[in-house]
Every structure is written in C-alpha cells, then in structure tokens.
Amino acid sequence: MSVTKDGVPAQAGTSPAASDAPAGRGRASRPGRRRRRRDDPRLEHVLREQASVWTRMKRERWTYAFIVPGLLFFLLFAYVPLLGNVVAFQDYSPYWGIGGSEWVGFDNFTAMFSDPQFLGALKNTLLISSLQIAFAFPAPILLALLLNSLISERTKRVVQSIVYLPHFISWVIVISIWQQVFGGAGPAAELFSAIGLDNVNIMSDPDTFKALVVSQVIWKDIGWGTIIFFAAISGIPNELYEAAAVDGAGAARRTWHITLPGLVPVITLLLILTIGNVLTVGFEQLLLQQPAVGADAAEVLDTFVYYRGIAGGDWGLSTAAGLFKGVIGTVLVLAANKFAKRLGTGGLF
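Residues numbered from 1 in each chain as written. Predicted model: local features only at pLDDT ≥ 70, side-chain atom pairs only at ≥ 80, totals over all residues. Heavy atoms only, no water.

Side note on the overall build of the protein chain
Then step 1. Looking only at helices and strands, one finds 19 helices and two strands in the protein chain.
Then step 2. In the protein chain, of all internal contacts separated by at least 6 residues, the share reaching a separation of at least 24 is 62%. (Helix = DSSP H or I, 4+ residues; strand = E, 2+ residues; numbered from the N terminus. Contact = heavy atoms within 4.5 Å.)

Focus: the confidence of the model for the protein chain
Then step 1. Residues of the protein chain with pLDDT of at least 70 account for 85%, and the chain-wide mean is 82.
Then step 2. Considering each helix and strand of the protein chain separately, the mean pLDDT is smallest for helix α1 (residues 16–20), with a value of 44, and largest for helix α8 (residues 116–136), with 93.
Then step 3. Taken as a whole, residues 1–8 scores under 50 in pLDDT and shows 11 contacts with residues more than four places along the chain or in a different chain.
Then step 4. Here residues 10–36 scores under 50 on pLDDT; set against residues more than four positions off or in separate chains, the count is eight contacts. (pLDDT = per-residue confidence, 0-100.)

Details of the environment of N85
Then step 1. Relative to the assigned elements, N85 resides in the loop between α5 (67–79) and β1 (90–91).
Then step 2. Under the relative-accessibility criterion, N85 is labelled partly exposed at 24%. (Buried < 20%, exposed > 50% of the residue type's maximum accessible area, 1.4 Å probe, protein only.)

Some words on the pattern of salt bridges
Then step 1. By the definition in use, this model includes four salt bridges.
Then step 2. Close ionic contact of K156 with E153 constitutes a salt bridge, the shortest N to O distance being 3.4 Å. Here E153 and K156 lie together in helix α10 (residues 153–164), a separation of three residues that amounts to about one turn.
Then step 3. Relative accessible area serves as the criterion here: at 10%, K156 is assigned to the buried category. (Salt bridge = Lys/Arg side-chain N within 4 Å of Asp/Glu carboxyl O.)

Quick look at the packing of aromatic side chains
Then step 1. Evaluation of the coordinates by the stated rule reveals 17 aromatic pairs.
Then step 2. For the ring pair Y95 and W96, a centre distance of 5.1 Å and an interplane angle of 85° mean the geometry is edge-to-face. For the residue pair Y95 and W96, the accessibility class agrees, reading exposed in each case.
Then step 3. An angle of 75° between the planes, with centres 6.2 Å apart, marks the rings of W178 and W219 as edge-to-face. Here the residue W178 occupies a position in helix α11 (residues 171–182), and W219 occupies one in helix α13 (residues 209–234), the gap between them amounting to 41 residues.
Then step 4. By the ring-pair criterion, three or more aromatic residues cluster together here, those being F89, W103, F106 and F109.
Then step 5. Across from the ring centre of W171, 5.3 Å away, lies the NZ or CZ of K220, which sits over that ring. (Phe/Tyr/Trp six-rings, centres within 6.5 Å; stacked < 30°, edge-to-face > 60°. Lys NZ or Arg CZ within 6 Å of the ring centre and 35° of its normal.)

Some details on the nonpolar core
Then step 1. I128, F209 and L286 are the most contacted members of the largest nonpolar core, which has 18 residues in total.
Then step 2. Those elements that provide at least two residues to this core are α8, α11, α13, α16 (283–293) and α17 (295–298).
Then step 3. Per-element accounting of this core gives the leading share, five residues, to α13.
Then step 4. If near-sequence neighbours (up to four positions away) are discounted, F209 is found in contact with L286, Q289, V293, A297 and A298.
Then step 5. Residues F89, A121, L122 and L279 belong to the second largest nonpolar core, which totals 16 residues. (Core = buried A, V, L, I, M, F, W, Y, C linked by side-chain atoms within 4.5 Å.)

Thoughts on the side chain of Q90
Then step 1. Here Q90 is to be found in strand β1.
Then step 2. Not counting residues within four places of it along the chain, the set of residues in contact with Q90 comprises I98, S101, E102, W103, V104, N108 and G316.

With respect to helix α18 (residues 301–311)
Then step 1. Taken together, the buried positions of α18 are L301, D302, T303, F304, R308 and G309.
Then step 2. The inward-facing, buried residues of α18 abut α8, α16, α17 and α19 (315–343).
Then step 3. Taken from the residues just after α18, G313 is the one with a positive phi, measuring 85°.

Some thoughts on the packing of α8 against helix α9 (residues 138–148)
Then step 1. Between α8 and α9, whose axes approach to 5 Å, the crossing angle comes to 10°. In terms of axis orientation, α8 runs roughly parallel to α9. The segment α8 lies against α9, with I133, A134, F135 and A136 engaging P138, A139 and P140.
Then step 2. Broken down by class, the residue content of the contact of α8 with α9 amounts to seven nonpolar, no polar and no charged. (Axes fitted to C-alpha atoms, helices over the stretch in contact; angles between N-to-C directions. Parallel < 35°, antiparallel > 145°, perpendicular 65-115°, else oblique. Nonpolar A, V, L, I, M, F, W, Y, C, P; charged D, E, K, R; others polar.)

Overview of the UniProt feature "transmembrane region" (unreviewed entry) in the protein chain
Then step 1. The feature "transmembrane region" (unreviewed entry), as annotated in UniProt, sits at residues 62–82, 126–150, 162–181, 222–241, 262–283 and 315–336 in this numbering.
Then step 2. Taken as a whole, residues 222–241 contains 85% helix and 0% strand, while its terminal C-alpha atoms sit 26 Å from one another.
Then step 3. The span residues 315–336 is 100% helical and 0% strand by assignment, and the distance between its end C-alpha atoms comes to 31 Å. (UniProt positions renumbered as here; feature names shortened; annotations may be inferred.)

Structural notes on α10
Then step 1. For α10, built from 12 residues, the straight-helix expectation of 16 Å at 1.5 Å per residue is met to within 8% by its first-to-last C-alpha distance of 16 Å.
Then step 2. Structurally, α10 contributes buried residues whose contacts are with α9 and α13. (Expected span 1.5 Å × (residues − 1).)

Section: the environment of I218
Then step 1. By the element assignment, I218 lies in helix α13.
Then step 2. The exposure class of I218 is partly exposed, given its relative accessible area of 25%.
Then step 3. The sequence separation of I218 and F135 amounts to 83 residues, and the corresponding C-alpha distance is 8.1 Å.
Then step 4. In this structure I218 touches F135, A136 and A139, once residues within four positions along its chain are discounted.

What follows is the structure in structure tokens.
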C-alpha cells in the first residue's frame, strides 16, 4: 500500500502523483488561464489604450460636440435616405407609400436594361466621364505645374485668383455666359462668319456638344483643382530642389523627378474619387443645355432619373437606375483603391 507524502495511506488504484493532481482538471485550470489573460501585457496595453481614449474623449467632450452636427447631417441626409432604395423593387406609388406599394422584385431592373433611352443615357454618361478624366482631370495639374514654375509670387496669386473665380459661379450663369459668347449671335459666330463659316452655333451642335461640356468643366473648376495641387506642392521639401539644382538638374528634370512624384498621393486620391463618380456627370449643366442639342446628345443617367422619375412618375425604374449608379460607383472605388495599393502608390483607405 502506498503512502502519501503526508503519511496518509493512499486509496487503492491511485498513485502519489495522481493524489497530488487536482480533482477537476478543466475546472481548476480555468482560474489559472484567467489570471494569465489578465496578466498578459498585450491585453493590459489594449485596456490602457481604451481607457486613455475614453479619458481623452471625456476631457475634450466639448471639442467632440462640434462633430455632432456633421454626423447628424450625414445620418439624416445620406444614410437614412438609403432606406428608400427599397422603392427600386416595388411598383411604387406615392399614394400608397412604401408599405402599400406592390413588390415586383427585379422587374424594374429588367425594364431598365431593356429601355433604349436608358442605354443611350448610359453610353453618353460613360463617354462624357471618359473625356473628363482624360482632359479635365489633368488640367489643374498642368496649370499648377505651370504656375509653380513662375518666379514672381504676385503673378502666381493673380493668375490663381482669376482662374479660381468661376468656381463660385452657378451653372445657370456659366451657361448664360457661354451662350452669349458662343451662341448664334455671339462673337464666336461672327468670327466664324468672317472666315467663311456661316450658321455655326457651337451651343446647339450635337456633334461637338460633349467637347463643349468638357470645356465648360475645365473653365469652371480648373482653379479649384489648382489650389489642391498647390497645397501638395508646398509640402515638398525645398531641400530636394536645392540638392537637385546642385547636381545640375534643370527645371524640367526637377519637375519630373521631384514635383510629380510628390503629387502622386494626391493625384491617386482624387483619381479614385473621380473614378467612383464616373456615372455621375453634371446634372444641372446638362439639364440646362439639353433642349438646345436634344436628348440623344445630352441625356445622361442623372437627367434620365429626373425625367423618368420626378417628371414622369415612374419612381420604381428611376430608383433602380439610381441604385445601379451607387453600386457601380462603390465597386469602382474599391477596385481602383485595390489597384492603387498594388502599384504601391497608396490608396483612399
């Protein structure tokens, strides 16, 4: 018979090692695990970080209170309206409301993709967006590089102020100005008549309308984009330019090897956002000019939604078109962001 270390006879079928073992292995080991988890330095670090975040938020509560109006704005006017996308799956009637309208599933999407007017609007939207990415997007970059090469700071500020002013003018005024200049009775038409081209009205020509739209966007928003790129250029250290000048690099090489690489993060960010809005072109701009050139040239998805939904009362199909725009835009942003990260240029998130 075996005897334990305390002199007490051990029961049959047991051993001193077994008698020293805990009665409940799993139950006895849990407190030890919990103690180890509490004593884990990584867990303590996380708890301290959480406590410090809440402490800072409590200490700066009045500063964080200024965020509340912005959060409420996006909550009420951006996220809550997303619930209205359910109309895309209904034969919606304002009289019956969302709860009383008939559920039709994907019938609105089927009708949308079989509608020639929608397909034409989609084609015009993609074409105008492609032209804007190709010509309107690089225009502020080129202007910022040009102004940055000027020696006189006063000249830079004057030119920047002049090109920035159209950004504050509404599209109604912009279209009126362009109509007065390039319309049938404007100086542009008189110039064309003087060189032998009669009856030239750029504002009502469907063949040149898309180029006209891109030109208007460049004229109106090039100053706004220039300010953004100027801010990025100012963040590039002057020591890089000085070192390149000492090594014999001219202005063109300094721009190519220093300025442009310094602008790559900002260009990538703005390009991703632009790609996400590829199905959204100027609604007001095109709506004002559509009567002059016709729907075949100026009908885009935004005007299609307006005329079919608000003006025509086909709420389900117009909501389906809007939902289609949102889904495609989200997919394009995610794809462009992932592609930018693979290239090593960073991304939006």
